[in-house]
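Structural characterization, general
So you can see what is in the structure, the chains are spelled out below.
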Amino acid sequence: DESSGYESESAERSGAAAGGTRGRQRRARTAFTSEQICRLEKTFQRQKYLGATERRKLAAALQLSEIQIKTWFQNRRMKLKRQI
């Protein structure tokens, strides 16, 4: 069986994955700074979707990867959808 990527914290601490040792290791959660979140939220208020150029510029300005920016915007749109 493949791991779902949602192992319990105790399994992560002990190094054993729910699907055995074959499972990929989960990426650590990004801890955004308050300044980064503020800038991301301001950008989100102006535009809900970023093009590649805007994403690249924002990632460079915030010292984050483009994938982190893309994921943050996806999660933020889902949060907005749940609130509506």
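Residues numbered from 1 in each chain as written. Predicted model: local features only at pLDDT ≥ 70, side-chain atom pairs only at ≥ 80, totals over all residues. Heavy atoms only, no water.

By the naming in an unreviewed UniProt entry, the protein goes by VENT1 protein and is assigned to Grallaria varia. In its Sequence similarities (unreviewed entry) section, the UniProt entry covering the protein states "Belongs to the BAR homeobox family." Note on the protein: under the UniProt heading Subcellular location (unreviewed entry), the record states "Nucleus". (UniProt positions renumbered as here; feature names shortened; annotations may be inferred.)

**Notes on the overall build of the protein**
Within the protein, the regular secondary structure consists of four helices and zero strands. The N-to-C order of helical and strand elements in the protein reads α-α-α-α. Counting all 84 residues of the protein, 23% fall into the buried class. Taking all contacts inside the protein whose residues are at least 6 apart in sequence as the whole, residues at least 24 apart take part in 41%. Just so you have it, the protein exposes about 6900 Å², and 49% of that area is on carbon and sulfur atoms. (Helix = DSSP H or I, 4+ residues; strand = E, 2+ residues; numbered from the N terminus. Buried < 20%, exposed > 50% of the residue type's maximum accessible area, 1.4 Å probe, protein only. Contact = heavy atoms within 4.5 Å. Areas by Shrake-Rupley, 256 points an atom, 1.4 Å probe, with all protein chains shown as cover.)

**Re the pattern of salt bridges**
Evaluated as defined, the whole model comprises three salt bridges. Across the salt bridge formed by Arg55 and Glu66, the nearest N and O atoms sit 3.9 Å from each other. Within this pair, whereas Arg55 is found in helix 3 (residues 52-62), its partner Glu66 is found in helix 4 (residues 66-83), the two being separated by eleven residues in sequence. Its relative accessible area of 31% is what places Glu66 among the partly exposed residues. A salt bridge links Glu66 to Arg56; its shortest N-O distance comes to 3.8 Å. Placement of Glu66 in helix 4 and of Arg56 in helix 3 is noted, with a sequence separation of ten residues between them. By relative accessible area, which is 44% here, Arg56 ends up partly exposed. Look at the salt bridges and you will find they share partners, linking Arg55, Arg56 and Glu66 into a network. (Salt bridge = Lys/Arg side-chain N within 4 Å of Asp/Glu carboxyl O.)

**Some remarks on the environment of Thr71**
Among the structural elements, Thr71 can be located in helix 4. A polar side-chain atom of Thr71 sits 2.8 Å from the main-chain carbonyl oxygen of Ile67. (Polar contact = N/O pair within 3.5 Å; in protein donor to acceptor, adjacent residues only side chain to side chain.)

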